[in-house]
Amino acid sequence: METRIAELRYKEVISVEDGSRFGYVGDMEVDLESGQVRALVVPGRLRLFGLLGREEDRYIPWSAVRRFGEDIILVEQAGTPVRPRRRRT
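Structural notes, computed from the coordinates. (Residues numbered from 1 in each chain as written. Predicted model: local features only at pLDDT ≥ 70, side-chain atom pairs only at ≥ 80, totals over all residues. Heavy atoms only, no water.)

1. Side note on the overall build of the protein chain
Cut-off, in case you're wondering: Helix and strand assignments follow DSSP, with helices taken as H or I runs no shorter than four residues and strands as E runs no shorter than two, numbered in order from the N terminus. Two residues form a contact once any of their heavy atoms are found within 4.5 Å.
Counting its secondary structure elements, the protein chain contains one helix and eight strands. Sequence-distant contacts, at least 24 apart, represent 37% of the contacts inside the protein chain between residues at least 6 apart.

2. Quick look at the pairing of strand E4 (residues 37-42)
Rules: Strand pairing is assigned whenever DSSP identifies at least 2 bridges connecting the two strands.
Alignment of strand E3 (residues 27-30) against E4, held across four bridges, turns out to be antiparallel. Looking at the pairing, Met-28 lines up with Leu-40 of E4. Taking the residues that link successive antiparallel strands as the turn, the E3-E4 hairpin has six residues, and the phi of Gly-35 there is positive, at about 80 degrees.

3. So, the pairing of strand E2 (residues 21-24)
Two strands pair when backbone bridges link them, and strand E1 (residues 12-15) and E2 are joined in this way by three bridges, in the antiparallel orientation. Directly across from Val-13, in E2, lies its bridge partner Gly-23. In this antiparallel pair of consecutive strands, E1 and E2, the connection spans five residues, and Gly-19 shows a positive phi of 80 degrees.

4. A look at the sheet that holds strand E7 (residues 72-75)
Stated precisely, the cut-off is as follows: Each axis is a line fitted through C-alpha atoms, taken for helices only over the stretch in contact, and angles between the N-to-C directions span 0 to 180 degrees.
Across the sheet, which stays open at both edges, the four strands sit in the order E2-E1-E7-E6 with mixed pairing between neighbours. The strands lining the two open edges of the sheet, one partner per strand, are E2 and strand E6 (65-68). Averaged over neighbouring strand pairs, the angle between their axes works out to 25 degrees when direction is ignored.

5. Topic: the side chain of Lys-11
The test is simple: Here's how the labels work: a residue is buried when its accessible area is under 20% of the maximum for its type, exposed when over 50%, partly exposed in between, all with a 1.4 Å probe on protein chains only. His is not counted, nor are the chain ends; Lys and Arg add positive charge and Asp and Glu add negative charge. A carboxyl oxygen of Asp or Glu within 4 Å of a side-chain nitrogen of Lys or Arg is what we treat as a salt bridge. As used in this structure description, the phrase polar contact means that two N or O atoms lie within 3.5 Å; if the pair is within protein, one of them must be able to donate a hydrogen and the other to accept it, and residues adjacent in sequence are counted only when both atoms belong to side chains.
Residue placement: Lys-11 occurs in the loop between helix H1 (5-8) and E1. Among buried charged residues, Lys-11 stands out as having no salt bridge; its nearest opposite-charge side chain is Glu-7, 5.8 Å away. Of the polar contacts made by the side chain of Lys-11, one reaches the backbone oxygen of Glu-70; its length is 2.9 Å.

6. A closer look at the pattern of salt bridges
One pass over the full model with this rule turns up three salt bridges. The partner of Glu-76 in a salt bridge is Arg-66, and the shortest N-O contact between them spans 2.9 Å. Note that Glu-76 is positioned in the loop between E7 and strand E8 (82-83) and Arg-66 in strand E6, a separation of ten residues in sequence. The exposure class assigned to Glu-76 is partly exposed, which follows from its relative accessible area of 31%. By relative accessible area, which is 43% here, Arg-66 ends up partly exposed.

What follows is the structure in structure tokens.
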């Protein structure tokens, strides 16, 4: 199956272990020197309709990705680090 980076934004990330839904891919982390994908970034969910901000973004290492489907990406939940949101200056 072939897919474009732009099409990843429409795929939902789901845990293989318990079926929990993390959300949709918002961004990717790529190593510019080697051109390899390091992680998928799933934006944090809105808290109280966005009035209280967002939860932290979830970074899913590429090694945790197990399968790509037509509209979902299956990942292993264990070891998925959460990194603080980067602020733009």
